[in-house]
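# Coordinate analysis (summary)
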Amino acid sequence: SKPAKRVAVTGAAGQIGYSLLFRIANGDMLGKDQPVILQLLDITPALPAVRGVVMELEDCAFPLLAGVVVTDDPKVAFKDADYALLVGARPRSKGMERKDLLEANGAIFTVQGRALDEAASRDVRVLVVGNPANTNAYIAMKSAPSLPKKNFTAMLRLDHNRALSQLAARTGKPVGQIEKLAVWGNHSPTMYPDYRFATIGGQSVKAMINDDAWNRDAFIPTVGKRGAAIIEARGLSSAASAANAAIDHMRDWTLGTNGRWVTMGIPSDGSYGIPEDIMYGFPVTCAGGEYTMIKGLEIDEFSRSKMDATLKELFEERDGVAHLLG
Ligand code: NAX
């Protein structure tokens, strides 16, 4: 059988971790023939809970689970890691300002970026889930100068999947038939889900729906506020769907999309007027373990204003953490 891949997961005691780890160990992320070693990081007080999760992982008797490491030291967690899913983050507590949240997470992701730089495989593929995901990914990338920038990504896939399901409901078509959807920008309510290029069975989704008011007043806000709607209904933030999106993101990056578009938060190369290195949601295809941005899409006036608004928010976040990056 294949040699095991080392998969580091941070925030392993958290809600998303509780869905994610079992699916990774089941082969949903890297394939049913790929053994994995899980390297689990959380903060010291959460380690007993991580050990409980590990007991449950053992009790699943997953044939692909070749080992588990539990630690509160990022350098141990990231040692020789082939994949790193950075899920753990400081949640916004009551009365905490956005600025303080950025600061607290900035501290976590500079440390973890440096630890990746020092300890991980030179090919490590990094997905940041913990919020603010784009800016945390930007900080980790900037803190790991010896690793390729393209290996740092942020999770926009949950937004992409949410948009797909809204479009399936509106058109009455199966969700799996929708192609060429894009979600631009920040993983936040400012993101811009864009179905102007989308097709179902070769037919234009925009023509099928033919309702700009629905796009503007229903679709975009519903996708943007979906996370808040789930918190309202469940009393907890999305976890299983977030874990599912993380699996989708890493699986597609690793195993390819066969020409289908997906959305990834990636460091910009300057395309579409998004300055280089800004971690921004773009449509991509994946093949041979690499993603390729879809280029040359026409950006109309409405789309430009949406793409600029979410960019502006990313600039503000970047400026808020600039002092941490020296
Ligand atoms: P939980 O609060 O259930 O779990 C977070 C875990 O991270 C805890 O076990 C905590 O101890 C750990 N942690 C905190 N600081 C750490 C550090 N420095 N190193 C390692 N572990 C640390 O949150 P959960 O619901 O699992 O969500 C995790 C993150 O995902 C949050 O930041 C959340 O906002 C974010 N999300 C991002 C989404 C996305 O689409 N990008 C969607 C879902 C989710 O809201």
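Position labels on residues start from 1 in each chain and follow its written sequence. Given that this is a predicted model, residues contribute local features only at a pLDDT of at least 70 and side-chain atom pairs are listed and counted only at 80 or more, while totals for whole chains, interfaces and linings are drawn from all residues. In computing side-chain properties, one takes all heavy atoms of the structure into account and sets aside hydrogens as well as water.

In the annotation of an unreviewed UniProt entry, the protein is listed under the name Malate dehydrogenase and assigned to Zeimonas arvi. UniProt positions are given in the numbering used here, feature names are shortened, and annotations may be inferred rather than shown by experiment. UniProt's Function (unreviewed entry) comment on the protein is quoted here verbatim: "Catalyzes the reversible oxidation of malate to oxaloacetate." Among the UniProt annotations of the protein, the heading Sequence similarities (unreviewed entry) holds the following wording: "Belongs to the LDH/MDH superfamily. MDH type 2 family."

### Describing the overall build of the protein
Helix numbers and strand numbers start at the N terminus; a helix is a DSSP run of H or I with at least 4 residues, a strand a run of E with at least 2. Per the secondary structure count, the protein includes 11 helices and 14 strands. Computed over its C-alpha atoms, the radius of gyration of the protein comes to 19 Å, within 12% of the 20 Å expected for a compact globule of 326 residues. Once the C-alpha set of the protein is aligned to its principal axes, its extents read approximately 55 × 45 × 40 Å. Relative to all contacts within the protein whose residues are 6 or more apart in sequence, the contacts with residues 24 or more apart total 74%. Radius of gyration here is computed from C-alpha atoms only, and the compact-globule reference equals 2.2 Å multiplied by the residue count raised to the power 0.38. Residue contacts follow a heavy-atom distance rule, with two residues in contact if any of their heavy atoms lie within 4.5 Å.

### Side note on the packing of aromatic side chains
Between the rings of Phe, Tyr and Trp (Trp by its six-membered ring), a pair exists once the centres lie within 6.5 Å; its type follows the angle of the planes, with under 30 degrees stacked, over 60 edge-to-face, and the other angles tilted. Evaluated as defined, the whole model comprises 11 aromatic pairs. For the ring pair Tyr-192 and Phe-302, a centre distance of 6.0 Å and an interplane angle of 80° mean the geometry is edge-to-face. Of this pair, Tyr-192 sits in strand β9 (residues 192-194) while Phe-302 is found in helix α11 (residues 301-321), placing the two residues 110 residues apart along the sequence. An aromatic cluster is present here, built from Trp-184, Tyr-272, Tyr-280 and Phe-282 joined pairwise through their rings. Charge-over-ring contacts are defined here by two conditions on Lys NZ or Arg CZ: a distance within 6 Å of the ring centre and an angle within 35 degrees of the ring normal. The ring of Trp-214 has Arg-170 lying over it, and the distance from NZ or CZ to the ring centre is 4.9 Å.

### A few points about the sheet that holds strand β10 (residues 199-200)
Read across the sheet, 3 strands follow the order β7-β10-β11 without closing on themselves; strand pairing throughout is antiparallel. Looking at strand neighbours, the two that pair on one side only are β7 (178-179) and β11 (203-204), the edges of this open sheet. When DSSP finds two or more bridges between a pair of strands, those strands are recorded as paired. Here β7 pairs with β10 via 2 bridges, running antiparallel. Directly across from Glu-179, in β10, lies its bridge partner Thr-199.

### Some points on the site of the ligand
Here a residue counts as near a molecule or strand whenever at least one of its heavy atoms sits within 4 Å of it. If you check the shell around the ligand, you find 23 residues, and the closest are Gln-15, Ile-16, Asp-42, Val-129 and Asn-131. For the purposes of these results, a polar contact is taken to be a pair of N or O atoms within 3.5 Å, where, inside protein, one atom must be able to donate a hydrogen and its partner to accept one; residues adjacent in sequence count only when each atom of the pair is a side-chain atom. Note that an oxygen atom of the ligand is positioned 3.4 Å from one of the backbone N or O atoms of Gly-14. One nitrogen or oxygen atom from the main chain of Met-155 is found 3.5 Å from a nitrogen atom belonging to the ligand. Here the ligand has 880 Å² of accessible area as a free molecule, and 82% of this is covered by the chains. Listed by contribution, the elements that provide at least two residues to the shell around the ligand are α1 (15-25) and α4 (98-119). Asp, Glu, Lys and Arg are counted as charged, while Ala, Val, Leu, Ile, Met, Phe, Trp, Tyr, Cys and Pro are counted as nonpolar; the rest, among them Gly, fall into the polar class. Taken together, the residues of the shell around the ligand sort by class into 12 nonpolar, 10 polar and 1 charged. Residue burial considers only the protein chains on display, and all accessible areas are found by Shrake-Rupley using a 1.4 Å probe.

### Observations concerning the pattern of salt bridges
We define a salt bridge as a contact between a side-chain nitrogen of Lys or Arg and a carboxyl oxygen of Asp or Glu at a distance within 4 Å. Enumeration over the complete set of coordinates arrives at 24 salt bridges. Across the pair Arg-23 and Asp-28 runs a salt bridge whose closest N-O atoms are separated by 2.9 Å. Buried residues are those whose accessible area, probed at 1.4 Å on protein chains only, stays under 20% of the maximum for their type, while exposed residues exceed 50% and partly exposed ones sit between those limits. The class for Arg-23 is partly exposed, based on a relative accessible area of 28%. One salt bridge connects Asp-80 with Lys-79, and the closest N-O pair in it is separated by 3.6 Å. Here the salt bridges share partners, and the residues they tie into one network are Arg-157, Asp-248, Arg-251 and Asp-252.

### Some thoughts on the nonpolar core
Soluble globular proteins tend to bury their nonpolar side chains together. Only buried Ala, Val, Leu, Ile, Met, Phe, Trp, Tyr and Cys residues count toward a nonpolar core, and they belong to the same one when joined by side-chain atoms within 4.5 Å. Judged by nonpolar contacts, the single largest core of 75 residues is most densely connected at Val-7, Leu-20 and Leu-85. When residues in this core are grouped by element, the largest group, 7 residues, is from helix α10 (residues 240-255). In this structure Leu-20 touches Val-9, Leu-85, Val-87, Ala-243, Ala-246 and Ile-247, once residues within four positions along its chain are discounted. Formed by 27 residues, the second largest nonpolar core is a distinct cluster that contains Ala-77, Ala-137, Ala-140 and Leu-147.

### Details of the confidence of the model for the protein
Taken over all residues, the pLDDT of the protein has a mean of 97, while the share at 70 or more is 100%. Complex prediction metrics read pTM 0.98 and ipTM 0.98. The pLDDT value expresses, per residue, how confident the predictor is, ranging between 0 and 100.

### Quick word on the environment of Asn-258
Structurally, the position occupied by Asn-258 is in the loop between α10 and β12 (262-267). Separated by 109 residues in the primary sequence, Asn-258 and Lys-149 have C-alpha atoms spaced 24 Å apart.

### A short note on the side chain of Thr-310
By the element assignment, Thr-310 lies in helix α11. A relative accessible area of 0% places Thr-310 in the buried class.

### Some points on the UniProt feature "domain: Lactate/malate dehydrogenase C-terminal" (unreviewed entry) in the protein
Sites flagged by UniProt as "domain: Lactate/malate dehydrogenase C-terminal" (unreviewed entry) map to residues 157-319. Secondary structure across residues 157-319 divides into 47% helix and 19% strand, with the first and last C-alpha atoms of the span separated by 25 Å.

### Some thoughts on helix α6 (residues 157-171)
Expected span of a helix, by definition, is 1.5 Å for each gap between consecutive residues, and there is one gap fewer than residues. In this model α6 runs 21 Å from its N-terminal to its C-terminal C-alpha over 15 residues, within 8% of the 21 Å that 1.5 Å per residue would give. Burial of α6 is extensive: 12 of the 15 residues sit out of reach of the surface. The complete set of buried residues in α6 reads Arg-157, Leu-158, Asp-159, His-160, Asn-161, Arg-162, Ala-163, Leu-164, Gln-166, Leu-167, Ala-168 and Thr-171.

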